[in-house]
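# Survey of secondary and tertiary structure
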Amino acid sequence: MSHRTLAGKSALVTGSTSGIGLGIAKSLASQGANIILNGFGDYHLAKNELEAFGVQVHYHGADMSKIAEIEAMMQFAADTSAGVDILINNAGIQHVASVENFPVERWDAIIAINLSSAFHTSRLALPHMKQKNWGRIINIASVHGLVGSAQKSAYVAAKHGIVGLTKVIALENATSGVTCNAICPGWVLTPLVQKQVDAKAQELQLSNEQATKLLLGEKEPSMAFTTPQELGELAVFLCSEAGNNVRGVAWNMDGGWTAQ
Ligand code: NAD
């Protein structure tokens with residue numbers, strides 16, 4: 001087997017039972033990283049697919065809105081995988097409503113899962129990374145970490161917040177081998193986005209194809225979804241030696257969304 005750049009590293013990917021998290025886990029596993037999966041979906045299929053790369057795969061079902069469960073997951077990572085070398089903060093949810101109609105409980109859940117969980121996993125992963133003088137923290141933000149959209153107050157606030165957190169962690173560790181960066185995807189066709197396509201189709205009485213075109217046309221000049229595989233390859237680059245001095249960036253892969 002050819003040289004695999006991440007052989008022997010352990011990677012925790014939150015929210016990796018589907019979508020972007022699973023895509024990133026596959027790319028990291030293809031480079032030899034052992035994986036700790038997390039998320040609420042069925043993890044058995046993902047585990048089998050990842051094990052085909054000849055890596056170890058563990059699963060922990062921590063709810064990323066609960067601090068005690070995050071702490072238990074990080075302890076699990078220490079016990080099973082000798083700590084987390086690569087931390088991908090990816091778990092996220094969405095809710096669409098105007099500010100005055102936004103359910104308070106949804107606001108709290110989005111801030112907890114999309115933002116605060118990354119603070120908790122990072123604070124618990126950093127001592128191990130610093131001790132090894134090597135580590136990668138990659139926060140899956142969004143174009144909504146850079147620009148706003150109506151009806152997405154909690155999501156936009158959380159994603160802008162995680163871009164800020166990324167910069168601070170990068171600066172605090174700038175003279176070490178630990179880097180922290182954010183990836184900012186535009187539209188990626190995952191269950192999170194399919195729900196928004198379905199809502200548009202229902203509201204405007206459109207077919208799935210028409211609603212998809214409308215969704216892309218509103219924001220994404222390329223008229224094409226970014227794929228989990230493309231995001232996974234960017235994560236592999238950020239984990240590589242070539243990424244040693246990439247620090248505190250928010251790197252969009254958005255079909256031109258934020259170039260407008
Ligand atoms: P997804 O719904 O396919 O995946 C989300 C994952 O998070 C799932 O594994 C789910 O089980 C998990 N999850 C949800 N709540 C959780 C909780 N409380 N605890 C633990 N796990 C939980 O969505 P996705 O599109 O793959 O989103 C992944 C990340 O990418 C999110 O942070 C999202 O904001 C971000 N993102 C997505 C898009 C897109 O277009 N899909 C664009 C930009 C950013």
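For clarity, every value in this text was computed on a predicted model and none was experimentally measured.

### What to know about the packing of helix H1 (residues 19–30) against helix H8 (residues 228–239)
- Where H1 contacts H8, the two axes come as close as 8 Å, and the packing angle between them is 50°. With respect to each other, H1 and H8 are oriented oblique. Taken as a pair, H1 and H8 cross one another with a handedness that is right-handed. Residues Gly19, Ile20, Gly23, Ile24, Ser27 and Leu28 of H1 touch H8, and the partners they reach there are Pro228, Gln229, Leu231, Gly232, Glu233, Ala235, Val236 and Cys239.
- Across the contact of H1 with H8, the residue classes tally to 8 nonpolar, 5 polar and 1 charged.

### What to know about the site of the ligand
- Around the ligand there are 31 residues in total, and Met64, Asn90, Tyr155, Val188 and Thr190 lie nearest to it.
- In the model, an oxygen atom of the ligand is placed 2.9 Å from a nitrogen or oxygen of the Lys159 side chain.
- Note that an oxygen atom of the ligand is positioned 2.7 Å from one of the backbone N or O atoms of Val188.
- Protein chains shield 93% of the accessible area of the ligand, which is 820 Å² for the free molecule.
- When contributions to the shell around the ligand are tallied by element, the ones reaching two or more residues are H1, helix H5 (153–172) and helix H6 (191–204).
- Among the elements that take part in the shell around the ligand, H6 stands out by supplying 3 residues, more than any other.
- In terms of residue class, the shell around the ligand is made up of 16 nonpolar, 13 polar and 2 charged.
- The residues that make up the shell around the ligand include at least three from each of domain 1 (10–188 + 227–254) and domain 2 (189–225).

### Comments concerning the domain arrangement of the chain
- Each domain of the chain was delimited in the assignment, giving domain 1 (10–188 + 227–254) and domain 2 (189–225).
- Just the C-alpha atoms count here: the centres of domain 1 and domain 2 sit 25 Å apart.
- On the domain 2 side, the residues contacting the 16 residues of domain 1 number 11 residues.
- Between domain 1 and domain 2, a total of about 1100 Å² is buried, with carbon and sulfur atoms accounting for 59% of that surface.
- Among the residues of domain 1 in contact with domain 2, Trp187, Val188 and Asp254 are the three that bury the most area, contributing 60% of the side total.
- Here domain 1 is connected to domain 2 by 5 residue pairs in polar contact (both at pLDDT 80 or more).
- In terms of residue class, the side of domain 1 that touches domain 2 is made up of 5 nonpolar, 8 polar and 3 charged.

Criteria and cut-off values
Residues numbered from 1 in each chain as written. Predicted model: local features only at pLDDT ≥ 70, side-chain atom pairs only at ≥ 80, totals over all residues. Heavy atoms only, no water. Axes fitted to C-alpha atoms, helices over the stretch in contact; angles between N-to-C directions. Helix = DSSP H or I, 4+ residues; strand = E, 2+ residues; numbered from the N terminus. Parallel < 35°, antiparallel > 145°, perpendicular 65-115°, else oblique. Left-handed = near helix turned anticlockwise from the far one by under 90°. Contact = heavy atoms within 4.5 Å. Nonpolar A, V, L, I, M, F, W, Y, C, P; charged D, E, K, R; others polar. Near = heavy atom within 4 Å. Polar contact = N/O pair within 3.5 Å; in protein donor to acceptor, adjacent residues only side chain to side chain. Areas by Shrake-Rupley, 256 points an atom, 1.4 Å probe, with all protein chains shown as cover. Domains from an automatic or database assignment. Buried area = accessible area lost by both parts, 1.4 Å probe.

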